[in-house]
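Descriptive analysis of the structure
If you want the building blocks of each chain, they are given just below.
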Amino acid sequence: DQQVKQNSPSLSVQEGRISILNCDYTNSMFDYFLWYKKYPAEGPTFLISISSIKDKNEDGRFTVFLNKSAKHLSLHIVPSQPGDSAVYFCGAAGNKLTFGGGTRVLVKP
Amino acid sequence: KAGVTQTPRYLIKTRGQQVTLSCSPISGHRSVSWYQQTPGQGLQFLFEYFSETQRNKGNFPGRFSGRQFSNSRSEMNVSTLELGDSALYLCASSSEPPGQGYTGELFFGEGSRLTVL
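Per-chain numbering applies: the sequence of each chain, read as written, is numbered from 1 onward. The naming scheme follows written order: chains are lettered A onward, ligands numbered 1 onward. The model is predicted, so local features are restricted to residues of pLDDT at least 70 and side-chain atom pairs to those at 80 or more, both for listing and for counting; the totals for chains, interfaces and linings are taken over all residues. Side-chain metrics rest on all non-hydrogen atoms present in the structure, leaving aside hydrogens and water.

**Regarding the overall build of chain B**
Put simply, the rule is: Under the scheme used here, helices are H or I runs from DSSP no shorter than 4 residues and strands are E runs no shorter than 2 residues, and both carry numbers assigned from the N terminus. Restricting the calculation to C-alpha atoms gives the radius of gyration, and the globule rule supplies 2.2 Å times the number of residues raised to the power 0.38. Only protein chains enter the accessibility calculation, which uses a 1.4 Å probe; a residue is then buried when its area is under 20% of its type maximum, exposed when over 50%, and partly exposed in between. We call two residues in contact when some of their heavy atoms are within 4.5 Å.
Helix and strand content of chain B: 0 helices and 11 strands. Written out in order from the N terminus, the α and β elements of chain B read β-β-β-β-β-β-β-β-β-β-β. Whereas a compact globule of 117 residues would reach a radius of gyration of roughly 13 Å, chain B reaches 13 Å, a difference of no more than 12%. Per-residue burial for chain B yields a buried fraction of 50% across its 117 residues. For chain B, the share of sequence-separated contacts (at least 6 apart) that also reach a separation of at least 24 residues comes to 56%.

**Quick look at the nonpolar core**
Looking at soluble globular proteins, one finds that nonpolar side chains tend to be buried together. Test applied: In this text, buried Ala, Val, Leu, Ile, Met, Phe, Trp, Tyr and Cys residues form a nonpolar core when linked through side-chain atoms within 4.5 Å.
Membership of the largest hydrophobic core comes to 23 residues, with the highest contact counts inside it found for Phe33, Trp35, Leu73, Leu75 and Tyr88 of chain A. Top contributing element to this core by residue count: strand E9 (residues 86–93) of chain A, with 4 residues. Setting aside chain neighbours within four positions, we find leucine 73 of chain A in contact with Leu21, Asn22, Cys23, Tyr25, Phe33, Trp35, Val64, Phe65, Leu66 and Cys90 of chain A. With 21 residues, the next largest nonpolar core counts Leu21, Leu46, Val78 and Tyr89 of chain B among its residues.

**A word on the pattern of salt bridges**
Proximity of charged atoms lets side chains of opposite charge pair with each other. All names here are of chain B. Quick reminder of the rule: Any Lys or Arg side-chain nitrogen located within 4 Å of an Asp or Glu carboxyl oxygen qualifies as a salt bridge.
This structure, assessed with the given rule, holds 10 salt bridges over all chains. Salt-bridge contacts for glutamate 110 lead to arginine 9; the nearest nitrogen and oxygen are separated by 2.9 Å. Of this pair, glutamate 110 sits in the loop between strand E10 (107–108) and strand E11 (112–116) while arginine 9 is found in the loop between strand E1 (5–7) and strand E2 (10–13), placing the two residues 101 residues apart along the sequence. Look at glutamate 110 and you get partly exposed, because its relative accessible area is 39%. Taking the shortest distance from any N to any O, the salt bridge between arginine 55 and glutamate 48 comes out at 2.9 Å. Residue classification places glutamate 48 among the buried residues on the basis of a relative accessible area of 1%.

**So, the interface of chain A and chain B**
We count it as follows: Once two parts are joined, some of their accessible surface, as seen by a 1.4 Å probe, is lost; buried area is that loss totalled over both. Two N or O atoms form a polar contact when they lie within 3.5 Å of each other; inside protein one atom must be a possible hydrogen donor and the other a possible acceptor, and for residues adjacent in sequence the pair counts only when both atoms belong to side chains. Ten residue types, Ala, Val, Leu, Ile, Met, Phe, Trp, Tyr, Cys and Pro, are classed as nonpolar, four, Asp, Glu, Lys and Arg, as charged, and the remainder, Gly among them, as polar.
With 18 residues of chain A in contact, the opposing surface of chain B contributes 22 residues. Summing the contributions of chain A and of chain B, the shared interface buries around 1,700 Å²; its carbon and sulfur component is 58%. In this assembly, chain A and chain B are joined by 0 salt bridges. Inspection of the region where chain A meets chain B yields 2 residue pairs in polar contact (both at pLDDT 80 or more). Looking at the side of chain A that touches chain B, the elements with two or more residues in it are strand E4 (32–38), E9 and strand E10 (97–99) of chain A. Classifying every residue of the side of chain A that touches chain B gives 10 nonpolar, 5 polar and 3 charged.

**Points about the environment of glycine 43 of chain A**
Tracing the backbone through its elements, the reader meets glycine 43 of chain A in the loop between E4 and strand E5 (45–51). Apart from the residues lying within four places of it in its own chain, the contact partners of glycine 43 of chain A are Lys37 and Lys38 of chain A together with Leu90, Phe108, Gly109 and Glu110 of chain B.

**As for the sheet that holds strand E7 (residues 62–67) of chain A**
Picture the strands of a sheet paired through backbone hydrogen bonds; they go either parallel or antiparallel. Applicable threshold: A pair of strands counts as paired when DSSP detects no fewer than two bridges linking them.
Taken together, 5 strands build an open sheet; the order of strands is E1-E3-E8-E7-E6 (chain A) and the sheet is antiparallel. Bordering the open sheet on either side are strand E1 (4–5) and strand E6 (56–59) of chain A, each of which pairs with just one other strand.

**Remarks on unusual backbone geometry**
Working note: non-glycine residues mostly have negative phi, and peptide bonds are mostly trans. For the bond running from valine 78 of chain A to proline 79 of chain A, omega is -10°, close enough to zero to count as cis. Secondary-structure assignment places proline 79 of chain A in the loop between strand E8 (72–77) and E9. Going from threonine 7 of chain B to proline 8 of chain B, the amide bond is cis rather than trans, its omega being -10°. Topologically, proline 8 of chain B is positioned in the loop between E1 and E2. The phi dihedral of glutamate 52 of chain B is positive, around 70°, even though this residue is not glycine. The topology assignment puts glutamate 52 of chain B in the loop between strand E5 (42–50) and strand E6 (53–57). The partly exposed category is assigned to glutamate 52 of chain B, whose relative accessible area is 46%. Look at threonine 80 of chain B: it is not a glycine, yet its phi comes out positive at around 45°. Using a relative accessible area of 46% as the deciding quantity, one classes threonine 80 of chain B as partly exposed.

See below:
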C-alpha cells in the first residue's frame, strides 16, 4: 500500500534549465509535506516543506507546489545546477512520515 | 551540535544470523525513526520511538524489532537474516514525533549498510 508515489524514477536535465519532480499521495489525512535530497553514501537532508494549508512555498531556487484536490505536489528547481544531481524523496506526514520511492536527478553541464 | 550517529556504518552477515544497529540522535531529540532503503523501494518506514515508547510500526515482519533507551539512543535488531534484508538502514531524529502537528524536519544519520550473504 504505497500512500506516497514518485512515478518518475529518474530525470535528466541540462544545467540552467528547470527540474520538475512530481509526487502523488492517496491519504487525505496528510497535513504536511517535505522534500529530502540524498547523495550517495550520505543520509537524506531536508530541502523544503509545505503545510497543507498552503499551495506554494519558495526557498531560493527551490519551490514546492501543493494541489490538495489532486493530491499532488511538485518540486521545481530553477535553475538546475550540477550539484543538484542526487536522489530526491517526497515525504508526507500524518501520524508518521511516509516517503515515496525517490527520483534520481542528473543535471548535465 | 553533533548530528545523528549510526554504528556500524558497514557490516556483512550471513543468512540466519542476527544483527543489531545503533543510533544516537541529536542531543535533545526524543523521537527516533528507522527506515530501510533499497533500490526501487525508496525509504520504507520501520518504526518510530518517542520517550522509550514505540509509537508507530511499519509493515515489516516480526524479525525486525527495536527499542529506545532513556537517553534516547535507539537500537534496531533483525533476527534470522534473509538475503532480502540487504539494505541501507537509516535512523532519523526529531525533537517531537513526526505528525500530530509537528512541522519540523527529521535529521538523518548516514546509515548502516547491511549486506547479507
